Amino acid sequence: MLNMQLAYRLCPNVHDPLALFEQLYVNDHHSFWLDSEKSERPNARYSIMGSGQAQGSIRLAYDVNRESLTLDGPKGRRTMAGDFFFLLNQIMESVHVAVPQYLPFEFKGGFVGYMGYELKALTGGHKVYQSDHPDAGFIFAPHFFVFDHHDQKVYECLFSATGTAPQWPSLPASAQVAQKAETELRFVPGAVDELKLSLEDGPEDYICKVKQSLQYITDGNSYEICLTNRARMSYSGAPLAAYKRMREASPVPYGAYLCFDSFCVLSASPETFLRVDEGGLIESRPIKGTRTRGRDSVEDQRLREDLEASAKDRAENLMIVDLVRHDLNRVCHAGSVHVPHIFAVESFSSVHQLVSTVRGHLRNDISTIEAIRACFPGGSMTGAPKKRTMEIIDGLETCARGVYSGALGWISFCGGAELSIIIRTAVLHKQIAEFGIGGAIVAHSDPYEELEETLIKASVPYYSFSTESEK
């Protein structure tokens, strides 16, 4: 058992997350920034940032094909064989953290990072494709910052051995800066011209796969198939410059910038995969149903009302709600799983989305990691029924999804977790930005409308990496 204590102090002269990240972490090969600063959603309160290169930090990388977990830390590199969820659970349970009696933020230290889609091989799926990047990547940072955007406070946090006085690192004076002025936004939401993207499946191929999906549904193999295409763009600029444009274009509750040495993950996800509190309350907020924003208020309201009334989009959403309820019922107290909100329209800068909320209470014998395993991958990225539909997806798609459509966020040593579904997310590697775009296919889907929806979803990552946006 490793015993640690967490201390925190206020940083009265630090105000702007972007400025602090640029000063402290932009040149680090391993770093993270979970970014909710610009989101208007009430529960999007905190941003977290830190480095995986600081003294005492630990980095995890998992390869699902080899079933091998690599740890890089103060004692060098170690490799462990086995199931990712089992190994991570062992690591989390081996750490005991003493925290102050009153801690004014939710994240009490732990691992920050992502789980890629191919981890499905450990949760009922099959090993079919191999990702170009680790199937999971996480960082433990013993020194990190938490921004409370509601109370406009910034906390500096530090782990140390139990019973020792914390040795606070000195911050460069240049990190203590006033908030920068907002840049002028030039992002215009809407479908991206497919000729501007390098697509894994061209328009005709994607439409053909939608038709194949419809046949699977007609034949009774699935109710809903979440089909993904892959887009690529060249980008030679700085990764953080692209993320600056992404966060301005799409203020969401789950913005993220993760750096893992040779690649970066840039995310503008609006969707909650799982949120778990220390008392065992668990929540998922699946999104299914999308409309672009209108060019004026009248058109915008019409599109919003069209989504709200759409029988097809409600059917998509309801099937995933039922799937999430099924997943949660496997790990929650009997009778505790319920749906407090269904078919709510939430609006973001580029799209309107149909969102439902499913909640339950974990059984006492279920850990947070076991709950994550039971629900992974998120049903909104597979379809229903999950196991058979993942097999169909394996046949329809031609390469690994990788990071895309997995889960991203934090898992605390104290039992809490908050993870987003990895959508509206790009991986930048060797001057190529790659991102998934897709949608849910149901019996009433129109193949040409499904293609249009994927191009709408491409708008934020396209803008973020487009040289046109730099002019």
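Residues numbered from 1 in each chain as written. Predicted model: local features only at pLDDT ≥ 70, side-chain atom pairs only at ≥ 80, totals over all residues. Heavy atoms only, no water.

> An account of the overall build of the protein chain is requested, with residue identities and associated values reported.
A tally of helices and strands in the protein chain yields 10 helices and 25 strands. For the C-alpha atoms alone, the extent of the protein chain along its principal axes is close to 65 × 50 × 40 Å. Split into buried and exposed, the 471 residues of the protein chain put 60% on the buried side. Looking at the protein chain alone, contacts between residues at least 24 apart form 73% of all its contacts between residues at least 6 apart. Counting every atom, the protein chain has about 19400 Å² of accessible surface; 49% of that belongs to carbon and sulfur. Distance between charge centres in the protein chain, computed from 46 positive and 59 negative side chains, equals 3 Å. (Helix = DSSP H or I, 4+ residues; strand = E, 2+ residues; numbered from the N terminus. Buried < 20%, exposed > 50% of the residue type's maximum accessible area, 1.4 Å probe, protein only. Contact = heavy atoms within 4.5 Å. Areas by Shrake-Rupley, 256 points an atom, 1.4 Å probe, with all protein chains shown as cover. Lys, Arg positive; Asp, Glu negative; His and termini not counted. Charge placed at Lys NZ, Arg CZ, Asp CG, Glu CD.)

> Lay out unusual backbone geometry in plain terms, naming residues and giving numbers.
Omega for the peptide link from phenylalanine 376 to proline 377 comes to -10°, which places this bond in the cis form. Assignment of secondary structure puts proline 377 in the loop between helix 7 (368–375) and strand 21 (383–384). For the bond from alanine 384 to proline 385, the omega torsion is -5°, close enough to zero to count as cis. Phi is positive for serine 405, close to 70°, though the residue is something other than glycine. Tracing the backbone shows serine 405 in the loop between helix 8 (386–396) and strand 22 (407–412). For serine 405, a relative accessible area of 0% translates into the label buried. In the Ramachandran plot, lysine 430 falls in the positive-phi region, its phi being about 50° despite a non-glycine side chain. By the secondary structure assignment, lysine 430 is in the loop between strand 24 (425–429) and strand 25 (432–441). Overall, the relative accessible area of 69% leaves lysine 430 in the exposed class.

> Run through the confidence of the model for the protein chain, naming residues and quoting values.
Here the protein chain shows a mean pLDDT of 93. Residues at 70 or above account for 95%. A low-confidence stretch, residues 177–184 stays under pLDDT 50, and its non-local contacts, those more than four residues away or across chains, total 15 contacts. (pLDDT = per-residue confidence, 0-100.)

> Summarise helix 2 (residues 84–93); cite the residues concerned and give the values.
Extensive coverage of helix 2 is indicated by the burial of 7 of its 10 residues. All of the buried residues in helix 2 are Phe84, Phe85, Leu87, Leu88, Asn89, Ile91 and Met92. N-cap assignment for helix 2: the residue whose side-chain oxygen lies 2.9 Å from the backbone N of phenylalanine 85 is aspartate 83. (Polar contact = N/O pair within 3.5 Å; in protein donor to acceptor, adjacent residues only side chain to side chain.)

> Describe the state of the cysteines, listing the residues and the values that go with them.
The full count for this structure, using the stated rule, is 0 disulfides. Sulfur of cysteine 157: no disulfide; nearest cysteine sulfur belongs to cysteine 11 and is 8.4 Å away. (Disulfide = S-S within 2.5 Å.)

> Please set out the packing of aromatic side chains residue by residue, giving values where relevant.
In total, this model carries 25 aromatic pairs according to the counting rule given. Between tyrosine 8 and tyrosine 155, the ring centres sit 5.7 Å apart and the planes meet at 80°, which makes this aromatic pair edge-to-face. Placement of the pair is tyrosine 8 in strand 1 (residues 2–10) and tyrosine 155 in strand 11 (residues 153–161), with a sequence separation of 147 residues. A relative accessible area of 5% means that tyrosine 155 is categorised as buried. Where tryptophan 33 meets tyrosine 243, the ring centres are 5.5 Å apart and the plane angle is 75°; that geometry is what we call edge-to-face. (Phe/Tyr/Trp six-rings, centres within 6.5 Å; stacked < 30°, edge-to-face > 60°.)

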